[in-house]
Amino acid sequence: MTQEQLDVAVEYKGWHAEQFGYSNVEFKLGYIERLNELDLGSATFDVIVSNCVINLSPDKEAVLREAYRLLKPGGELYFSDVYADRRMPQALKEDEVLWGECVSGALYWNDFHNLAKKCGFADPRLMKDNRLTINNQKLEAKLGCIKVYSATYRLWKLDGLESHCEDYGQAVIYKGTIPHCPDVFALDGHHAIEKGKVFPVCGNTWRMLADTRFKRHFEFIGNFDTHYGGHAGGSTTAAAR
């Protein structure tokens, strides 16, 4: 978000191209809640990746809304960030040190889920989460009983996702062809899909595999003709904590 940061990135662009084989990289100067001000076309991107930065944004709804606009149908926002087990009190939101520690801007789990759905990302999928500690007694004392976590989510731009996991008698078989996942593919924290095994899925999980870049890596059993009620796995949209 500063010209100095971009200058460093551009300086080492050639080195990274040599090391990793990709020279198709562009850097844009701007703010993540104002992506509409950049020359980025709607429905252009397959994947948007973010690592522990959305919590620092004062307008998280704008970030998610713009990410949804930029993604192609079937595209994914894959990101790690900081979350809290309750809403941050105003005094902590105004604490500059805790902001710098990526804590004050942490979203409460349920508020995040509601916000994601409001912006079009139905059924957010939690990949994994870990409890965070600041390792500073003074700052820990400010938090009191508030617990914070680092968590990774997948948000999909998909039509037809339902608010709960519904059973249509469907299943998938993983071919083992996704790079770096020869034996098991983890769609999220509840779906570790082994190669060659018939794996029952809800309708939402079916769409996340059949209507995205993962389609060619799976065989699909069933359709949406008959609804059998709630899926045995239950809703995956419930808050992690």
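Just so it is clear, the structure is predicted and the values come from calculations on it, not from any experiment.

Colleague: Even after reading the chapter, I still don't get the UniProt feature "domain: Methyltransferase" (unreviewed entry) in the chain, so can you show me in this structure?
Modeller: UniProt tags residues 4-118 as "domain: Methyltransferase" (unreviewed entry). Annotated as residues 4-118, this span is 40% helix and 20% strand, and its ends, taken at the C-alpha atoms, are 35 Å apart.

Colleague: Sorry, what's going on with empty space enclosed by the protein here?
Modeller: Where empty space is left becomes clear once a probe the size of a water molecule has been rolled over the atoms. A complete count under the given rule lists two cavities of 30 Å³ or more for this structure. Taken together, I54, N55, K60, L64, F79, D81, V82, Y83, G105, L107 and F112 form the lining of the largest cavity. Broken down by secondary-structure element, the contributors of at least two residues to the lining of the largest cavity are α3 (60-70) and β2 (71-84). By residue class, the composition of the lining of the largest cavity is seven nonpolar, two polar and two charged. Its volume calculated, the second largest cavity comes out at about 30 Å³. Surrounding the second largest cavity, R131, L132, T133, E140, L143, I146, K147 and V148 form its lining. Residue composition of the lining of the second largest cavity, grouped by class: four nonpolar, one polar and three charged.

Colleague: I tried to follow helix α6 (residues 109-118) on my own but got confused; where do I start?
Modeller: It helps to recall that an α-helix has 3.6 residues per turn; residues three or four apart then point in one direction. Taken together, the buried positions of α6 are W109, F112, H113, L115 and A116. End-on, the buried residues of α6 take up no more than an arc of 165 degrees, which puts them together on one face. Looking at the buried residues of α6, the elements they touch are α3, β2, β3 (107-108), β4 (125-131) and β5 (148-156).

Colleague: So what exactly am I meant to see when it comes to the layout of surface pockets here?
Modeller: The space that makes up the largest pocket amounts to roughly 1,100 Å³. Lining the largest pocket are 29 residues, and of these K28, I32, L35, L38 and V49 sit closest to its centre. Elements represented by at least two residues in the lining of the largest pocket include exactly α1 (3-11), β1 (45-51) and α3. Ranked by residue count, the leading element in the lining of the largest pocket is β1, at five residues. Residues of the lining of the largest pocket, tallied by class, amount to 21 nonpolar, five polar and three charged.

Colleague: So what exactly am I meant to see when it comes to a nonpolar patch on the surface here?
Modeller: Taken together, the side chains of V8, V10, Y12, W15, F20, Y22, V25 and F27 define a hydrophobic patch exposed on the protein surface, amounting to about 840 Å² of accessible area. At the level of elements, α1 and α2 (13-20) are the ones that each hand at least two residues to the nonpolar patch. Among the secondary structure elements, V25 is positioned in the loop between α2 and β1. For V25, a relative accessible area of 33% corresponds to the partly exposed category.

Colleague: Is there a simple way to think about the nonpolar core in this case?
Modeller: It is characteristic of soluble globular proteins that their nonpolar side chains tend to be buried jointly. Ranked by size, the top nonpolar core spans 24 residues in total, and within it L77 and F112 carry the most contacts. Elements with a contribution of two residues or more to this core: α3, β2, α6 and β5. Not counting residues up to four positions away in its chain, the partners in contact with L77 are I48, L64, A67, L71, F121, Y153, R154 and L155. Residues W156, L161, I178 and F185 belong to the second largest nonpolar core, which totals 18 residues.

Colleague: How do you make sense of the sheet that holds strand β6 (residues 170-174) when you look at a structure like this?
Modeller: Hydrogen bonding along the main chain pairs the strands of a sheet, whether they run parallel or antiparallel. Taken together, the three strands give an open sheet; going across it, the order is β9-β6-β10, and neighbouring strands pair in antiparallel fashion. Looking along the sheet, the strands with just one partner apiece sit at the ends: β9 (198-201) and β10 (218-221). Shown here is a sheet whose adjacent strand axes are inclined to one another by a mean of 30 degrees, direction ignored.

Colleague: Would you mind showing me how to read the pattern of salt bridges here?
Modeller: Pairing of side chains with opposite charge becomes possible as their charged atoms draw close. In total, this model carries 14 salt bridges according to the counting rule given. Between E76 and R213 there is a salt bridge, and its shortest N-O distance comes to 2.9 Å. Residue E76 is found in strand β2, and its partner R213 is found in the loop between α8 (203-210) and β10; the two are separated by 137 residues along the sequence. A relative accessible area of 38% means that R213 is categorised as partly exposed. Note that K142 is salt-bridged to D95, the shortest N-O span being 2.6 Å.

The rules we used
- Residues numbered from 1 in each chain as written.
- Predicted model: local features only at pLDDT ≥ 70, side-chain atom pairs only at ≥ 80, totals over all residues.
- Heavy atoms only, no water.
- UniProt positions renumbered as here; feature names shortened; annotations may be inferred.
- Helix = DSSP H or I, 4+ residues; strand = E, 2+ residues; numbered from the N terminus.
- 1 Å grid on protein atoms, 1.4 Å probe; cavity = no way out; pocket = protein on both sides within 12 Å on 5 of 7 lines; lining within 4 Å.
- Points joined across faces, edges and corners; volume = space filled by probe spheres on them.
- Nonpolar A, V, L, I, M, F, W, Y, C, P; charged D, E, K, R; others polar.
- Buried < 20%, exposed > 50% of the residue type's maximum accessible area, 1.4 Å probe, protein only.
- Arc of directions from axis to C-beta.
- Contact = heavy atoms within 4.5 Å.
- Patch = residues over 30% accessible without salt bridge, like charges linked within 9 Å, V, L, I, M, F, W, Y side chains within 5 Å.
- Areas by Shrake-Rupley, 256 points an atom, 1.4 Å probe, with all protein chains shown as cover.
- Salt bridge = Lys/Arg side-chain N within 4 Å of Asp/Glu carboxyl O.
- Core = buried A, V, L, I, M, F, W, Y, C linked by side-chain atoms within 4.5 Å.
- Pairing = 2+ DSSP bridges.
- Axes fitted to C-alpha atoms, helices over the stretch in contact; angles between N-to-C directions.

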